[in-house]
Amino acid sequence: ALAAVVSLASPWFSQLQVQRAARIWTYAPQKAYARLADAARLNPLSDEAQLVAGSIALRFDDLTRADHEFSQALGRTPGDAYAALELGAIASTRGDHAEALGLLERAAQLNPRDPLTRQALALVRAGRRVSVEELNRSILLKARQLA
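Below is a summary of the structure that appears in this document.

Conventions adopted
Residues numbered from 1 in each chain as written. Predicted model: local features only at pLDDT ≥ 70, side-chain atom pairs only at ≥ 80, totals over all residues. Heavy atoms only, no water. Helix = DSSP H or I, 4+ residues; strand = E, 2+ residues; numbered from the N terminus. Rg over C-alpha atoms; globule rule 2.2 N^0.38 Å. Core = buried A, V, L, I, M, F, W, Y, C linked by side-chain atoms within 4.5 Å. Buried < 20%, exposed > 50% of the residue type's maximum accessible area, 1.4 Å probe, protein only. Contact = heavy atoms within 4.5 Å. Expected span 1.5 Å × (residues − 1). Arc of directions from axis to C-beta. Axes fitted to C-alpha atoms, helices over the stretch in contact; angles between N-to-C directions. Parallel < 35°, antiparallel > 145°, perpendicular 65-115°, else oblique. Left-handed = near helix turned anticlockwise from the far one by under 90°.

**A look at the overall build of the protein chain**
The secondary structure content of the protein chain amounts to eight helices and zero strands. When its helices and strands are written in sequence order, the protein chain yields α-α-α-α-α-α-α-α. Compactness check: the protein chain gives a C-alpha radius of gyration of 16 Å against a globular reference of 15 Å for 147 residues, within 12% of the reference. With the C-alpha coordinates of the protein chain rotated into their principal frame, the extents come out at 55 × 35 × 30 Å.

And the structure:
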């Protein structure tokens with residue numbers, strides 16, 4: 001019975017930590033990252049904490065941290081199209097064409113109907129770079145339109 005309670009409580013506590021981090025990241029990013037690390041430990045089956053941490057890192061233009069967090073997310077959930085898309089854009093921004101192409105092709109296979117993914121892939125195939133900043137502005141705009 002105790003094992004059942006722990007298995008149900010850990011994901012719940014993890015989600016609470018993610019929500020708390022989302023509320024404080026703008027003024028306390030290090031504290032938000034710590035809460036997200038706790039959330040990841042509490043729920044090792046979810047990639048949500050790493051996705052949020054990677055997104056926060058992008059807002060602070062910390063590509064190294066974003067790359068690490070999205071890589072961790074993709075390691076936990078290999079079918080995560082968003083993590084593959086962000087990693088592809090980061091690789092493209094850094095000038096790693098082959099890595100960007102592979103990741104964006106993977107993102108497109110995982111989410112073939114997403115126009116932003118298709119657009120990013122087309123840019124890389126044409127030999128151009130994808131801007132992480134522009135991609136995330138487009139993602140935010142799309143999210144606002146859906147809300």
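**Some remarks on the nonpolar core**
Core analysis: the largest hydrophobic core is formed by 40 residues, its most contacted members being Leu36, Leu58, Phe70, Ile90, Leu104 and Val130. Discounting chain neighbours no more than four positions away, the residues touching Phe70 are Leu51, Gly54, Ser55, Leu58, Tyr82, Ala83, Glu86, Leu87 and Ile90.

**Thoughts on unusual backbone geometry**
We note that Asp61 has phi near 55 degrees; this positive angle belongs to a residue other than glycine. With respect to the secondary-structure elements, Asp61 resides in the loop between helix 3 (48–59) and helix 4 (63–76). Using a relative accessible area of 59% as the deciding quantity, one classes Asp61 as exposed.

**Quick look at helix 4**
Every α-helical turn comprises 3.6 residues, leaving residues that sit three or four positions apart pointing alike. With 14 residues, helix 4 should reach 20 Å at 1.5 Å per residue; the first-to-last C-alpha distance of 20 Å fits that figure. Those residues of helix 4 lying buried are Leu63, Ala66, Glu69, Phe70, Ala73 and Leu74. Seen from one end, helix 4 has its buried residues packed into an arc of 135 degrees, which puts them on one side. Among the exposed residues of helix 4, those oriented more than 90 degrees off its buried face are Thr64 and Gly75. On its buried side, helix 4 packs onto helix 3, helix 5 (81–93), helix 6 (97–110) and helix 8 (132–146).

**What about the packing of helix 5 against helix 6?**
Following both chains from N to C, one finds helix 5 and helix 6 inclined at 155 degrees, their axes separated by 8 Å at the closest point. In terms of axis orientation, helix 5 runs roughly antiparallel to helix 6. Considering how the two elements wind past one another, helix 5 and helix 6 form a crossing that is left-handed. Only Glu99, Ala100, Leu103, Leu104, Arg106, Ala107 and Leu110 of helix 6 make contact with helix 5, whose side of the interface consists of Ala81, Ala84, Leu85, Leu87, Gly88, Ala89, Ala91 and Ser92.

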